[in-house]
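The lines below spell out each chain.
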Amino acid sequence: MSTLTFVTRCATGAPLASIRWTSVWALRVFAVTAFLLVPAACRQPWDSAHGSGGKSQQRASGGGVWAVTGRWPCPQPKDGFWCPWGIAVSDWGDVYVTDMFDGCVWHLDRAGKFLGKWGAEGHGDGEFDTPLGICTSTIGDVYVVDTMNSRIQKFTREGKFLTAWGTGGPAPGQFHKPQAASADDNGTLWVADTMNSRIQAFAADGSLKSIWGNPASGQKPGQFYAPTGVVAAKDGAVYVADWGNDRVQKLTRSGVSLSVWKMRNKDGSSLAPGNVGIDRQGYVYVLNQADRAVLRLDSRGTVVAFIRVPLNDPTDMAVSRAGDIYVTSHTERLVVKLSPAAPKPR
């Protein structure tokens, strides 16, 4: 099998720019090793390990208060999450989580109650090989980024297979280890074609609409290096987590660069954004994996809140229109929900 280049992270939170393995199974060995190194984090609640109450409120740096309103813990592998990675929250309130190891999608309600599960490891319709990204459309479709099969699969909200498209390669409409996707209100699906260092836009039937960032990675506005997230706003702007360039880019829907936001960790070091989301007010959210936090930014790129995430190893993030933040941890086998809340009386 050809050498695998995969954008990933280690269990300590330090980003690894590009790791070369000799096979897909080597990636799985790496993830298993990371999981085994932190068994206590899976057995022990975060609050008892770190001194922060699991349901307590926290005042975010820069303003706002968020409360932990959901904590969906790590059951045994045969009963629940094995390696939860991507997460999506739908307009109808349901939550979908991809499981990288099990090759499946978990379907939950907004309280974390199990509603269903579909998929298996494989290459056929409705089967997955390392599914990472997931998103939902306003009309009820669920899109899964089937990373190692280099394709997108489309399902109903209950998990019935509808269609799939994509093969491995650099040509238009092909993918090289895509990692994330987002559907906008107009039905366009935006895909972060990670290792091709580009963004591709598709109609709901899979027909290609546009490509940005082609033909090569770069640091100029409108170019990308291993993008790991994308989301479209109601005002027409598209935000891209340009992971390898330590920045978020804001573009028009035709791909014209509007602004570039260089991202920084709390200590001033470069921040490789893990994913990006948006709420109904137009605030942009960026997953800061190194600081175990989510940054809330206004439309000009100013950080207005620094929200701590009660996880040792935050992996992916989704934001509801109401501003609820859902974060997965593949090593702790957890999903945490953070919601805006009124501050406690002093």
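In short, a report on the structure. (Residues numbered from 1 in each chain as written. Predicted model: local features only at pLDDT ≥ 70, side-chain atom pairs only at ≥ 80, totals over all residues. Heavy atoms only, no water.)

## Here's the deal with the overall build of the protein
Looking only at helices and strands, one finds three helices and 27 strands in the protein. Burial status across the protein gives 59% buried among its 346 residues. Expressed as a percentage of contacts within the protein between residues at least 6 apart in sequence, the contacts between residues at least 24 apart total 45%. Just so you have it, the protein exposes about 13900 Å², and 53% of that area is on carbon and sulfur atoms. (Helix = DSSP H or I, 4+ residues; strand = E, 2+ residues; numbered from the N terminus. Buried < 20%, exposed > 50% of the residue type's maximum accessible area, 1.4 Å probe, protein only. Contact = heavy atoms within 4.5 Å. Areas by Shrake-Rupley, 256 points an atom, 1.4 Å probe, with all protein chains shown as cover.)

## Topic: the pairing of strand 22 (residues 284–288)
Burial runs high along strand 22: five of the five residues are buried. Every second residue of strand 22 is oriented toward a common face, with Val284, Val286 and Asn288 on one face and Tyr285 and Leu287 on the other, all of them buried. The sheet contact formed by strand 21 (residues 276–278) and strand 22 spans three bridges and is antiparallel. Paired with Ile278 across the two strands is Val284, which belongs to strand 22. The loop that links strand 21 with its antiparallel partner strand 22 comprises five residues; one of these, Gly282, has a positive phi angle of about 95 degrees. (Pairing = 2+ DSSP bridges.)

## Brief notes about the packing of aromatic side chains
Tallied over the entire structure, the rule returns 14 aromatic pairs. Plain terms: the ring middles of Trp82 and Phe101 are 5.3 Å apart, the flat faces sit at 55 degrees to each other, and that makes the pair tilted. Separated by 19 residues along the polypeptide, Trp82 in the loop between strand 4 (65–72) and strand 5 (84–89) and Phe101 in the loop between strand 6 (95–99) and strand 7 (104–108) bring together distant segments of the chain. Seen from their ring centres, Trp165 and Phe202 are 5.7 Å apart, and the 50 degrees between their planes marks the pair as tilted. Of this pair, Trp165 sits in strand 12 (residues 161–165) while Phe202 is found in strand 15 (residues 198–202), placing the two residues 37 residues apart along the sequence. Phe202 carries the same exposure label as Trp165, and that label is buried. Cluster of aromatic residues (ring-pair linked, three or more members): Trp92, Tyr96, Trp118, Phe128, Phe155 and Phe161. The side chain of Arg157 reaches across the aromatic face of Trp92, ending 4.1 Å from its centre. Looking at Lys266, its charged tip hangs above the ring of Phe306, at a distance of 4.6 Å from the centre. (Phe/Tyr/Trp six-rings, centres within 6.5 Å; stacked < 30°, edge-to-face > 60°. Lys NZ or Arg CZ within 6 Å of the ring centre and 35° of its normal.)

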